[in-house]
Amino acid sequence: IYGYAGSMLRIDLSNNKITTTPLKEELVEEYVGGRGFTAKILYDENPPNVHPFSPDNIFVVAMGPLSGHMLPSSGKTHFATKSPATGGYGDSNMGGHFGVTMKYAGYDVMILKGKAEKRSYILIDDDKVTIVDAEKYWGKGSAEIEEAMKKELGDEFQILTIGPAGENLVNFACISHDFGRQAGRIGIGAVLGSKNIKAIAVRGTKGIPVFDPALLLEKGKKMYADLRKKPGFTGWTPQGTAGITDWCNNVGALPTRNFQKSSCDYAEKINGQAVLKELKITDKGCFSCPTPCGKYGHAKTKIGDAYVEGPEYETLSLLGSNCDISNIHDIAYLNYICDELGLDTCSAGVVLSFAFECYEKGLLSKEEVGMDIKFGDFDSAVYLLRHIAEREGIGNVLAEGVRGAAETIGKGSDVFAIHVKGLEWTGYESRNAPGMMLGYMTADIGAHHGRCWVLGNDVAGSAVVGNVNDLISGEQNANQLPKAKHEHVVPIVLKSQHIRPAFDIIGTCRLQFMEIGLETSYYEDVFYAITGRKFSWVELETLSEKLWHLNRMYNVREINDFGRKYDYPPKRFYTEPIPDGPNKGHFVAFDAIEEMLDNYYDGRGWDRNGIPTRETLEKFDLNL
Ligand code: SF4
């Protein structure tokens, strides 16, 4: 099949059974690649109600048709499994060079199931696939073993690793790769840990068949050339995502002190300029990327120094202002610790800030924690991260994530446990941004910005959204709000929810489209040149929409009593006005949240409990 490596690799770790089968044409036809493949395979092949850490929970890796071709940023890899963080559909996307190398080894999809008898890693060398003893690597940090494995196997091997957090089944353990790239959020590293798999190493030396190589060369060159001419091209790279920090602070979207506040008075110390001046050594990018957003730098702290990729915006906001840590070197070092331990920095930041607030409010004692902890204290953060990764003491409680920790701690702590569906909220305070809030509330994997980003519309009060201040009640007067404006939030949220994850289907980074403005026609042109299939942008968005229904049904199947109640934001966001800063007094009233959800469900074709109707499923050919 043009554009694809052509094979699916299946590894049953329980009995060392390794099989390769041809990539199914009907899967390609209907689900195209990447996120499309993982969603369909997880729904069809994962046993209903399987525990995330059961050997039967499958772990799927898939690449898209554009992955591995010399096009701007065409090196994304998609992962999916049942999430230990949410108990529902979980997926994650990662840059670097792993996925393209899997394709060069001959595989578009890899499905792991079972559990290795001994601590192991998977070695894929083109057609030769073996399970190798990894006892000597167990307990080691992610980059540490990536370096050691490269020394042992050769630099041309691309390596995924988990850190101690994954080994110890921390609910927000991630996978690391390429010395600083992660597949994070939903606890995917813990699922590998539960299978006794410390790493996956791959070398690939084959080619990928292309329908019209000359046309691909022509279109690919034009894609690069035109991207370079875009006004945003040179502006994006120097600071990467950290460049957004000042804007977020100015508009009141920078989470501060566990989302108690939406701005801080030290943003200039932790912004993109601070990354540039204090930390950065060089830019670092993924496969074939002309706009490298990674910043490789050197952090120096009182407990040591470290080379680290980052921090990018999410890490700056969640391990920085949200924990009230204002020293850029300290934040970067916490980033490094998370990377070595294999912890998702977004969830880790929210978990730490939750613990600080619990302690400040007297809901956790010194005896329970093991030391005095407080906002703004680097030592407290280091202590907690290490205990979480080892599941020691209070770390064992926090390793469950804020939803689980609030259930254990009780005493009303659920009000400020900032998550949706069990996944911690990422770096955008949304009490001034109902569209962004709705996007987080309804995301299939829980509160993650990768599914929807409409903060710009919210803040601008654009023609689509209307005046954002009219949408927000400081006095719970939602009934007085203009109904039409609530309805206007839904179309932009739906559009964003379809477009952003669409890139996870084709296997490219979305940044060149979302942030720099590369036109959709380029993707249509290269898709045709690679696959010989005319696949329009509209068809891609329609497939992306279909996956929302499929993944929603996965959650309906897997989560007991799943429905509307899983779509509410944390209580803080509809009960506590922002205390100061640019949006002082704002919050989204509960009535307004209910109204937005009703409108969203109508827009999706779901019933008032948020379940896709039979008519909707049939419209999208989902016979579930
Ligand atoms: Fe990777 Fe950043 Fe380039 Fe996207 S923009 S491909 S995430 S380096």
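All of these numbers come straight from a predicted model, not from anything done at the bench.

Asker: So what's going on with the site of the ligand? Residues and values would help.
Answerer: Within the structure, the ligand sits among Ser73, Lys76, Arg181, Gly285, Cys286, Cys289, Thr291, Pro292, Cys293, Cys509, Leu511 and Gln512. A class-by-class count of the residues in the shell around the ligand yields six nonpolar, four polar and two charged.

Asker: Give a detailed account of the domain arrangement of the protein chain, specifying residues and quantitative values.
Answerer: By the assigned domains, the protein chain splits into domain 1 (7-203), domain 2 (238-417) and domain 3 (434-499 + 536-619). The straight-line distance from the C-alpha centre of domain 2 to that of domain 3 is 26 Å. Regarding the contact of domain 2 and domain 3, the summed buried area is about 1400 Å², with carbon and sulfur atoms giving 59% of it. Between domain 2 and domain 3 we count three salt bridges in total. As a salt-bridge pair, Lys571 and Asp414 come within 3.0 Å of each other at their nearest N and O atoms. Counting across the interface, domain 2 meets domain 3 through six residue pairs in polar contact (both at pLDDT 80 or more). At four residues, helix α9 (residues 245-251) tops the list of elements feeding residues into the side of domain 2 that touches domain 3. Across the side of domain 2 that touches domain 3, the residue classes break down as eight nonpolar, seven polar and six charged.

Asker: Describe the environment of Cys323, with residues and values.
Answerer: Among the secondary structure elements, Cys323 is positioned in the loop between α12 (313-320) and α13 (328-341). Setting aside residues up to four positions removed in sequence, Cys323 forms contacts with Leu318, Gly349, Leu352, Ser353, Phe356, Phe375 and Gly376.

Asker: Hey, could you go over the sheet that holds strand β2 (residues 17-22) for me, with residue numbers and the actual values?
Answerer: Here we have six strands laid out as an open sheet, ordered β2-β1-β6-β3-β4-β5, and mixed in their pairing. Either end of the sheet is taken by a strand with one partner, and the two such strands are β2 and β5 (89-94). Between one strand axis and the next, the sheet turns through 15° on average, direction left out of account. Of the pairings in the sheet, the one linking strand β1 (residues 7-12) to strand β6 (residues 109-113) comprises five bridges and is parallel in character. When the bridges of β6 are listed, Asp12 appears paired with Lys113.

Asker: Tell me about the environment of Leu363, and name the residues and values.
Answerer: Position of Leu363 relative to the elements: it lies in the loop between α14 (345-360) and α15 (366-369). Taking relative accessible area as the criterion, Leu363 reaches 12% and is therefore assigned buried. Along the sequence, Leu363 and Val397 sit 34 residues apart, while their C-alpha atoms lie 13 Å from each other. Aside from chain neighbours lying at most four places away, what touches Leu363 is Cys358, Glu368, Ile409, Lys411, Ser413 and Phe416.

Asker: Help me get a handle on the environment of Ile394, residues and values and all.
Answerer: The topology assignment puts Ile394 in helix α17 (residues 394-398). Overall, Ile394 belongs to the buried group, its relative accessible area being 5%. Taking the C-alpha atoms as reference points, Ile394 and Ala355, separated by 39 residues in sequence, lie 9.4 Å from one another. Not counting residues up to four positions away in its chain, the partners in contact with Ile394 are Leu364, Glu368, Val369 and Leu384.

Asker: Just give me the short version of the pattern of salt bridges, but keep the residues and values in it.
Answerer: Between side chains of opposite charge, pairing is possible as soon as their charged atoms come close. All chains considered together, the criterion is met by 43 salt bridges. For Arg35, the salt bridge goes to Asp444, with nearest N and O atoms at 2.7 Å. Residue Arg35 is found in helix α2 (residues 34-45), and its partner Asp444 is found in the loop between α19 (434-442) and α20 (455-460); the two are separated by 409 residues along the sequence. By relative accessible area, Arg35 is classed as buried at 0%. Take Asp444: its relative accessible area is 5%, and that puts it in the buried class. Ionic pairing is found between Lys198 and Glu167, a salt bridge with its closest N-O pair at 2.5 Å. Pair noted here: Lys198 is in strand β12 (residues 197-203) and Glu167 is in helix α5 (residues 164-167), with a separation of 31 residues, a long-range link. Considered together, Lys198 and Glu167 belong to a single accessibility category, that of buried residues.

Asker: So, the confidence of the model for the protein chain: which residues are in play, and what are the values?
Answerer: Chain-level pLDDT for the protein chain is 93 on average; 96% of the residues reach the 70-or-more range. Below pLDDT 50 for its whole length, residues 462-484 participates in 52 contacts with residues either more than four positions away or in separate chains.

Asker: Lay out the pairing of strand β3 (residues 59-63) with the relevant residues and their values.
Answerer: Of all the five residues making up β3, five are buried; the element is thus mostly covered by neighbouring parts of the structure. Side chains of β3 alternate between two faces, with Phe59, Val61 and Met63 and Val60 and Ala62 buried alike. Two elements, β3 and strand β4 (residues 77-82), share five bridges in a ladder whose sense is antiparallel. Along β4, the bridge assignment pairs Ala62 with His78. By the bridge criterion, four bridges tie β3 to β6 in an arrangement that is antiparallel. Residue Ala62 lies in a different strand from β6, and its bridge partner there is Val109.

Thresholds, definitions, all that
- Residues numbered from 1 in each chain as written.
- Predicted model: local features only at pLDDT ≥ 70, side-chain atom pairs only at ≥ 80, totals over all residues.
- Heavy atoms only, no water.
- Near = heavy atom within 4 Å.
- Nonpolar A, V, L, I, M, F, W, Y, C, P; charged D, E, K, R; others polar.
- Domains from an automatic or database assignment.
- Buried area = accessible area lost by both parts, 1.4 Å probe.
- Salt bridge = Lys/Arg side-chain N within 4 Å of Asp/Glu carboxyl O.
- Polar contact = N/O pair within 3.5 Å; in protein donor to acceptor, adjacent residues only side chain to side chain.
- Helix = DSSP H or I, 4+ residues; strand = E, 2+ residues; numbered from the N terminus.
- Contact = heavy atoms within 4.5 Å.
- Pairing = 2+ DSSP bridges.
- Axes fitted to C-alpha atoms, helices over the stretch in contact; angles between N-to-C directions.
- Buried < 20%, exposed > 50% of the residue type's maximum accessible area, 1.4 Å probe, protein only.
- pLDDT = per-residue confidence, 0-100.

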